[in-house]
Structures are given as C-alpha cells and as structure tokens.
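Listed here are the chains, written in short residue letters.
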Amino acid sequence: MLKSWDTNLLQSEKKTLFSFFILYLIFIILLLSILGVMYYNFQKDLMLQKNRLELSYLANEQLLKLKDLHVNFDKNRVYPRDVRFNSAIYDSSKKEIFSTFSNKHIDFNEVIYMDEDKIYLIKEPESYYLGTKYLVLEVKSDSSWHKNVYKTLSIYGAGLFLLMVVFGYFLLRLLLKPMREAIELLDRFIKDTTHELNTPVNAIMSNIEMIDTNSLDEKLAKKIKRIDIGARTVSNLYQDLTYLTLAHKIVSNDEDVNLQEVIEERIEYFTLFAQSRKIDINCDLEENISLHIDRKKITKLIDNLLSNAVKYNKIKGTINIRLQDGYFEVHDSGRGIAQEKIDAMFERYTRADESVGGFGIGLSIVHMIAEEYTLHVKITSKEKKWTKVRVSW
Amino acid sequence: MVKKIFLLCFLVGSIHASVYKNNCVSCHEKMPVKIDKFFYRYLLKYSSEDALKNALIKYLKNPTKEKTILQEGLLNRFGVKEKTTLNDKDLKKAVDEYWEIYKIFGKLK
C-alpha cells in the first residue's frame, strides 16, 4: 500500500481547513442566494414595467367607462366589465366600492406589483368618478418569464458556484503552502539526519554482539549492557524515522503472523532496557492468535508500544501485556497522559511528556499502521498512575 | 284598526320630521339642477363618505365661493347659498340622510 505521508497534514489542521472550507461554502451559497434574489427581483421589475404601459392603457379605458357611468348613474348602474382584466374601485378611505375579483388585500402603496400569479396595477384618477380614488386592475401574469429566470439562475448559479469552489480550492492551497513547507522541512531534516545515523549505529551494535560478556568482569559487562541498551534505543529511533519518512515507499508484504511469538520476541528485545529501569514485565498471552499483516509493521507497532511503556514508566514499575482473541494491550504503571492530550497523541511530533527524550513519532507510526490494517487503537490513562493502550481488530 | 291609524300617524309624523326633506329638498326641488347632481359633484371631488360629509357640512355652515362645487355658470346665476340655520345635530342628520339616499355602495351591479 502506497502512502504519501510527506505532505499529509495533522488532524487538527485538517479540522481547521475543513471548518474553513465549510464556512467558505456557506459564504458562497449565501452570496449566490443574495445575487439570485436580486436578479429575480430585477427581472420581475422588468416584466412589470413591460406590463405597466399596456395596463395603464386598459386602466384609462376603464376610467372613461366609469366617467360615463358617473354621469349617467341615474339611468345606468351596471359596472363596466372587460374580458381582458378584472377590476375594482376604492374610495379615498380605501373602502371597496365595487370589485370583480376576489383578492381583498390590495397594496395601495404600489403602482404595479405581483401577488401569486396575478399582476395588479393601481391607478389614481384625477377626478373621483363614483368616488373612485383607486382603480385596481388585475391580470393573470404570463408564467414564461418565471421559467426563463429560473433557467438562467440555475445555469449561471451552478457555473458561478463551481467557479467559486475552484477558486476556494486554490485559495486553500495558498493557505496550506507555508504549513506544507514547514512539515516538509522537518521531514527533510529527519531524513538527512537518519541517513547519517545508520552506519555508526550498526557498527556499535554488531561490535557489542561480538563481545563475549561472560569473559568480562561484572563492572565492565554492566557498562557494555548500558551501551547495548543505548545503541538499541538509537537503532529503534532510526527505524522509526526511516519508517516515517519512507513509509510511502514501503510495500506491505502481508502474511499470517503469530502474535504470541512476535510479542514474546519483542519483549525479549526490550528486556535489557526494562531491566535497566528495574521494570517488571508480566505476560498473559493466549496461544495461536494470528493476524494477516506485514511482519515488520506489526513488529514496529509492538516495539513502539513497548518502548513507550518502558520509557514513560517509573523505576521499579510494571508492564502487563495481555493478548486475547480480538485484542492485545500494554498496560504500564507510568506517569499517564492528561485526558485532554489523549486525542492529539496520534499526531506526529506530539509528546505528552517533554521531560523524556523523543520526537513524538512513536504513536504516529502506531496510528499509521493501525489505520492501514483497520486496527482500532484505544488509549486510556490515569495521570500519574497508569496508561493502557489496547489494539483491537 | 286603531293600531293601523296610529302607525300611519307615526309614519306621517316621521316624514314631517325629516330634516333633510324639510330643509334641503324643499328648496332644491325648485332649482333646475336637482339635488342628486350636487351629490355626484361632491363625490367627484371628495371620494369617501367622511371627506364628503365633512366638506358638505363645512360648506353649509359657511358657504363661500372658494368652497363651492357649483359650476361657474350656475354660481353666477344662483350665487352662493346662505348659511344654514340648522344646528349641528340636525345638519348632521340631514347630511347623513343625503348620503344614504345617493351613496354608490351597494348600488352597482
């Protein structure tokens, strides 16, 4: 499995960027909605203005008929009707004198306006024939303009939205640039440093292995042991850093791995280190539990958990390792992790305790491997008492 | 029978009691321009019931050339009418009745 960790971002930064992107999208949608409403209103006004002239002409016709009716009211009392429109007349107190339409809510402040699918024109004659201060004309609006406006709005709206999203993407990249550069700088530095570490560490370790400690006196043998522990720690660190910086170039070679065997082997590897701190390691390992996984990677994962359990333990502390069907856990009696720091523990360069050496990459590697094989890592801790890391599948 | 006579008397009495008829129609009847024409001219200028009644009462209380709705020809012929002798209450009664008789509301078909 190929991974590009060199340019990957930390969890909290991803969260910030995600929030930024959501906010940006909301802003765009809001902006486009406002523009859309403005465009819709503009088109509506345009349509009303087009209708206004024709309706004014019809209103004048109607007024002439009202004038005629006013003069001959003693002889004729039939309100003039027209098939082209409905109409109503109101006195100056806006009381209805007569109406041929059902809408009773007229907005007298407007000259022309739309209500649902009807257009209303309000005309104020110079002389109040039959007391008419307001003549209201009602016509059904032509709905084709609606369709045209919605079509234009959806095409241009979608286009603008896409454009803004693309723009947002480039803006985001611009924002990310310094962040990426900082991470790349640190990665490059580690890469260069580790490269230089390999040869001397190997030389130290292979030479220690060649020394027959039984032939040495006790004091010297102790010193050699300490050198061995130190060299192994540096070697571990080297491997971690190599893994982190070259992870994308490592191709997994998955096989069925007997976990009991691997854990026992790694405990043996760390025994010397644990003994130096007088730490007691207790095992409760169930047999015949295996995982289909890359051996080097599961070894790295266990190494990091054990290394942390020893490193952050107290002198004369204990480590309990348990392997059951479905999980294994490492429980130490160390200094623990503050609750609020637990979530950030898997991020690279994060360290719960600055007093002990390290780069803060151990749990990041655990996280990477766990994620690759969909293993679930759960850290529980009580500050100054204990920490328990459980890896389940 | 007694009841009917009593009712008739009451009706006759109430007709006689109409301030509008006694004080307005009686004079306007003799004029070539009927009283309803004045109403429509008022309506043409004042539109609503309140505005029309107020303008009419104001004019009747203090008729002037400026306030009249009479056409110039008629004004020259008949001149401005004299101030009303009716008190406010009767004047209002007369105007209300005038409105009720000639108002447009409910008459259009």
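All values derive from a computational prediction rather than experimental measurement. (Residues numbered from 1 in each chain as written. Chains lettered and ligands numbered in written order. Predicted model: local features only at pLDDT ≥ 70, side-chain atom pairs only at ≥ 80, totals over all residues. Heavy atoms only, no water.)

Caption draft 1: Looking closely at the overall build of chain B. Broken down by element type, chain B carries 6 helices and 0 strands. Element order for chain B, N to C, with α for helix and β for strand: α-α-α-α-α-α. Taken across its 109 residues, chain B has 36% of its residues classed as buried. The contacts of chain B with a sequence gap of at least 6 include a subset with a gap of at least 24, amounting to 56%. When the accessible area of chain B is evaluated, it comes to approximately 7300 Å², of which 59% is carbon and sulfur surface. (Helix = DSSP H or I, 4+ residues; strand = E, 2+ residues; numbered from the N terminus. Buried < 20%, exposed > 50% of the residue type's maximum accessible area, 1.4 Å probe, protein only. Contact = heavy atoms within 4.5 Å. Areas by Shrake-Rupley, 256 points an atom, 1.4 Å probe, with all protein chains shown as cover.)

Caption draft 2: Spotlight on the packing of helix H3 (residues 35-46) of chain B against helix H6 (residues 88-102) of chain B. Residues and elements named next belong to chain B. Packing of H3 against H6 brings their axes to within 11 Å, and their N-to-C directions diverge by 90°. Classed by the angle they form, the pair H3 and H6 counts as roughly perpendicular. Taken together, the residues of H6 that come into contact with H3 (itself represented by Ile35, Asp36, Phe38, Phe39, Tyr40 and Leu43) are Tyr98, Trp99 and Tyr102. (Axes fitted to C-alpha atoms, helices over the stretch in contact; angles between N-to-C directions. Parallel < 35°, antiparallel > 145°, perpendicular 65-115°, else oblique.)

Caption draft 3: Fine view of the sheet that holds strand E10 (residues 327-332) of chain A. Residue and element names in this part refer to chain A. Sheet architecture is open: 5 strands sit in the order E7-E9-E10-E12-E11, paired in mixed fashion. Where the open sheet ends on each side, the last strands, each with one partner, are strand E7 (280-285) and strand E11 (376-382). Each neighbouring strand pair of the sheet contributes to a mean axis angle of 10°, computed without reference to strand direction. Here E11 pairs with strand E12 (residues 386-392) via 7 bridges, running antiparallel. For Lys382, the partnering residue across the bridge sits in E12 and is Trp386. (Pairing = 2+ DSSP bridges.)

Caption draft 4: How the structure looks around the pairing of E12(A). Residues and elements named next belong to chain A. Here 6 bridges tie E10 to E12, and the two strands are oriented antiparallel to one another. For Phe328, the partnering residue across the bridge sits in E12 and is Val391. The antiparallel hairpin formed by E11 and E12 contains 3 residues in its connecting segment, where Lys384 sits at a positive phi of about 65°.

Caption draft 5: Local environment of the confidence of the model for chain A. The share of residues in chain A with pLDDT of 70 or more is 92%, and the mean pLDDT across the chain is 85. Across residues 1-7 of chain A the pLDDT falls below 50, and counting only partners more than four positions away or on other chains, this stretch makes 20 contacts in the model. (pLDDT = per-residue confidence, 0-100.)

Caption draft 6: Inspection of the sheet that holds strand E3 (residues 112-115) of chain A at higher detail. Residue and element names in this part refer to chain A. Strand order in the open sheet formed by 5 strands is E2-E1-E5-E4-E3, with antiparallel pairing between adjacent strands. With one partner strand each, in any of the chains shown, strand E2 (96-99) and E3 form the two edges of the open sheet. Here the strands of the sheet are splayed against their neighbours by 20° on average, with no regard to which way each runs. Relative to E2, strand E1 (residues 86-90) runs antiparallel, the two being bridged by 3 bridges. Within the sheet, the bridge partner assigned to Ala88 lies in E2 and is Ser99.

Caption draft 7: Here's a closer look at the pattern of salt bridges. All names here are of chain A. For the structure on display, the rule yields 18 salt bridges over all chains. Lys65 is paired through a salt bridge with Asp82; the nearest N and O atoms lie 3.6 Å apart. Highlighted residues: Lys65 in helix H1 (residues 11-71) and Asp82 in the loop between H1 and E1, separated in sequence by 17 residues. Lys65 sits in the partly exposed class, given a relative accessible area of 33%. Assessed through its relative accessible area of 15%, Asp82 is described here as buried. (Salt bridge = Lys/Arg side-chain N within 4 Å of Asp/Glu carboxyl O.)

Caption draft 8: Looking closely at the side chain of Ser392(A). Tracing the backbone shows Ser392(A) in strand E12. The exposure class assigned to Ser392(A) is buried, which follows from its relative accessible area of 18%.

Caption draft 9: Here's a closer look at the packing of helix H4 (residues 259-276) of chain A against helix H5 (residues 295-311) of chain A. Residues and elements named next belong to chain A. The N-to-C vectors of H4 and H5 enclose an angle of 40°; their axes lie 10 Å apart at closest approach. By the angle class used here, H4 and H5 are oblique. In terms of crossing hand, the pair formed by H4 and H5 is right-handed. Each of Leu259, Val262, Ile263, Arg266, Ile267, Phe270, Phe273 and Ala274 in H4 lies in contact with H5, whose residues at this interface are Arg295, Ile298, Thr299, Ile302, Asp303, Leu306, Ser307 and Val310. (Left-handed = near helix turned anticlockwise from the far one by under 90°.)

Caption draft 10: Structural view of H3(B). All names here are of chain B. In this model, H3 (12 residues) spans 17 Å end to end at C-alpha, consistent with the 16 Å of a helix rising 1.5 Å per residue. Buried within H3 we find Ile35, Asp36, Phe38, Phe39, Tyr40, Tyr42 and Leu43. Ser47 sits one or two residues past H3 and shows a positive phi near 65°. (Expected span 1.5 Å × (residues − 1).)

Caption draft 11: A look at the environment of Met31(B). Residue and element names in this part refer to chain B. Within the secondary structure layout, Met31 lies in the loop between helix H2 (19-28) and H3. Each C-alpha atom, one on Met31 and one on Phe78, is 9.3 Å from the other, the two residues being 47 residues apart in sequence. Among residues more than four places away in sequence, those in contact with Met31 are Phe38 and Phe78.

Caption draft 12: Focus on the interface of chain B and chain A. Between chain B and chain A, the residue contacts involve 14 residues of the former and 24 residues of the latter. For the pair chain B and chain A, the interface holds 1 salt bridge. Across the salt bridge formed by Asp74(A) and Lys37(B), the nearest N and O atoms sit 3.7 Å from each other. The tally of links from chain B across to chain A stands at 8 residue pairs in polar contact (both at pLDDT 80 or more). Broken down by element, the residue count for the side of chain B that touches chain A peaks at 6 residues, all from H3(B). (Polar contact = N/O pair within 3.5 Å; in protein donor to acceptor, adjacent residues only side chain to side chain.)

Caption draft 13: The arrangement of the environment of Tyr40(B) in detail. Summarising the element assignment, Tyr40(B) is placed in helix H3. For the pair formed by Tyr40(B) and Ala55(B), sequence separation is 15 residues and the distance between their alpha carbons is 13 Å. Setting aside residues no more than four positions away along its own chain, Tyr40(B) makes contact with His70(A), Phe73(A), Tyr102(B) and Ile104(B).

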